[in-house]
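Okay, here's what each chain looks like letter by letter:
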Amino acid sequence: MLSPSPGQAPDTTESALLTVAHLKKYYPVQAGFLRKTVGYVKAVDDVSFTVQRGETLGLVGESGCGKTTLGRTILRALDPTAGYVGLRLPGGETVDLARLGPRELRAVRRHAQMVFQDPYSSLNPRMTVLDTVSEPLRLSGMAQGPALVSRVKDLLHVVGLEVRHLNRYPHAFSGGQRQRIGIARALATNPSLIVADEAVSALDVSIQAQILNLMQDLQREFGLAYLFISHDLSVIEHLSDRVAVMYVGQIVERAGNAALFSQPLHPYTAALLASKPHPDPRQRNTGIPLSGEIPDLAALPSGCPFHPRCPFAQDRCRIEKPPLREVHPDHFAACHFAGELPLSN
Ligand SMILES: Nc1ncnc2c1ncn2[C@@H]1O[C@H](COP(=O)(O)OP(=O)(O)OP(=O)(O)O)[C@@H](O)[C@H]1O
């Protein structure tokens, strides 16, 4: 693992629960008989943000732009290439998840958990509900015997499942119920942070609403913070306090919910908003629709990575990569012309 280079000091916010600074995850591209590394897929490339205690940060972007890799790298399901992931523990100490060894990682893992996209494939078909939900408790040594069973029963109640389901297997449940099991499992160790990766995308719309409501109730009840990853802008708008927009491994815009949805500053965000289905089908979205495909993450365009798809691209955009900068208070955008473009939704 590479170290963050000098000058990349983490901009830790005193009160932040999670501080991600200059995080990178590159996958090597190998070729030939000797599997020589000929390049890198830069799935996460110099990403920085914070998540405060009890808040929801929505992470949105098209499929393939690195959202899942980012979530998994934060929780050390993947080893980062470089960067800092500061998690503040309940005692007040902050640990760098990116640098912890396996034993230290086991000890702190209970504080940050994950809810996965597909409730059909993320639960082990050979494990009962009791085994699935209690596994994190057993792994972290938090409970055993009757106390463990009693905790699992409480968790089932909290997520709206019945205790008689305890010894059933995943195939006996619907998608929504399976996601409730996944949520109970994530909650088992009393985490302060949950990374939810497309947690409702595989569900029918009516079930989506139930699971989103449950997650909001749980957030209020337990003071949870969510990093909520989704390609679905409606879900992100509904749930998030703040929003980060990801494009080809990078955050291109970050702002409070209202500012981002009412006054996007990056043409990519504006294009995503214009592509969002309108609640009233008789009304059409205005604004510039998103055209073209996302580029190959192993061979990004020079300058601004969005320039080949951007209707406002100038010569400067083809040459110079725009940094993520604060254009309005607490509203950041990585565009040379942010604040000057006629973007509308
Ligand atoms: N193990 C891997 N080895 C090489 N490249 C990978 C690996 N996993 C993901 N990638 C690539 O990294 C990029 C980002 O993928 P990732 O799954 O993180 O994006 P995403 O935004 O979550 O997309 P989706 O919503 O479709 O899962 C993609 O180009 C993907 O092909």
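What counts, and where the lines are drawn
- Residues numbered from 1 in each chain as written.
- Predicted model: local features only at pLDDT ≥ 70, side-chain atom pairs only at ≥ 80, totals over all residues.
- UniProt positions renumbered as here; feature names shortened; annotations may be inferred.
- Near = placed C-beta within 6 Å.
- Helix = DSSP H or I, 4+ residues; strand = E, 2+ residues; numbered from the N terminus.
- Nonpolar A, V, L, I, M, F, W, Y, C, P; charged D, E, K, R; others polar.
- Pairing = 2+ DSSP bridges.
- Axes fitted to C-alpha atoms, helices over the stretch in contact; angles between N-to-C directions.
- Contact = placed C-beta atoms within 7 Å.
- Buried ≥ 20, exposed ≤ 12 C-beta atoms within 10 Å, placed from the backbone.
- Parallel < 35°, antiparallel > 145°, perpendicular 65-115°, else oblique.
- Left-handed = near helix turned anticlockwise from the far one by under 90°.

The name recorded for the protein in an unreviewed UniProt entry is ABC transporter ATP-binding protein, from Deinococcus aetherius. Check the Sequence similarities (unreviewed entry) section of the UniProt entry for the protein; it says "Belongs to the ABC transporter superfamily."

Engineer: For this particular structure, what's the right way to read the site of the ligand?
Structural biologist: With respect to spatial proximity, 13 residues lie near the ligand, and among them Tyr27, Ala43, Ser63, Thr68 and Thr69 are the closest. Elements supplying a minimum of two residues to the shell around the ligand: β2 (36-52) and α1 (67-74). Per-element tally for the shell around the ligand: the top contributor is α1, with three residues. Partitioned by chemical class, the residues of the shell around the ligand number five nonpolar, seven polar and one charged.

Engineer: Please clarify how the UniProt feature "domain: ABC transporter" (unreviewed entry) in the protein should be interpreted in this entry.
Structural biologist: Residues annotated by UniProt as "domain: ABC transporter" (unreviewed entry) correspond here to residues 29-273. Taken end to end, residues 29-273 is 37% helix and 26% strand, and its two terminal C-alpha atoms sit 33 Å from one another.

Engineer: Sorry if this is basic, but what is going on with the sheet that holds strand β9 (residues 242-247) here?
Structural biologist: Strand pairing in a sheet relies on backbone hydrogen bonds, with the paired strands running either antiparallel or parallel. Read across the open sheet, the eight strands follow the order β6-β7-β8-β3-β9-β10-β12-β11; overall the sheet is mixed. Each edge of the open sheet carries a strand with a single partner, namely β6 (112-115) and β11 (325-328). With strand direction ignored, the average angle separating the axes of adjacent strands in the sheet is 25°. Alignment of strand β3 (residues 56-60) against β9, held across four bridges, turns out to be parallel. Across the sheet, residue Val60 finds its bridge partner in β9, namely Val245.

Engineer: What is the right way to read the sheet that holds strand β1 (residues 16-31) from this model?
Structural biologist: The sheet built from four strands is open, its strands ordered β2-β1-β4-β5 with antiparallel pairing. Each edge of the open sheet carries a strand with a single partner, namely β2 and β5 (94-96). Here the average twist between neighbouring strands, direction ignored, is 25°. Where α1 meets the sheet, its contacts fall on β1, β2 and β4 (82-88), and the angle it forms with β2 comes to roughly 70°.

Engineer: Explain the environment of Ala270 here, please?
Structural biologist: On the secondary structure map, Ala270 appears in helix α9 (residues 267-275). Residue class for Ala270 comes out buried when judged on the 24 C-beta atoms lying within 10 Å of it.

Engineer: What should I look at first to understand the packing of helix α5 (residues 175-187) against helix α6 (residues 205-222) in this one?
Structural biologist: How two helices pack is summed up by the angle between their axes together with the distance between the axes. The interhelical angle for the contact between α5 and α6, taken along N-to-C directions, is 20°, at an axis separation of 10 Å. In terms of orientation, α5 lies roughly parallel with respect to α6. Along this stretch, α5 crosses α6, giving a crossing that reads as right-handed. Between α5 and α6, the residues in contact are Gly175, Gly176, Gln179, Ile183 and Leu187 and Ile207, Gln210, Ile211, Leu214 and Leu218, respectively. Of the residues contributing to the contact of α5 with α6, the split by class is six nonpolar, four polar and no charged.

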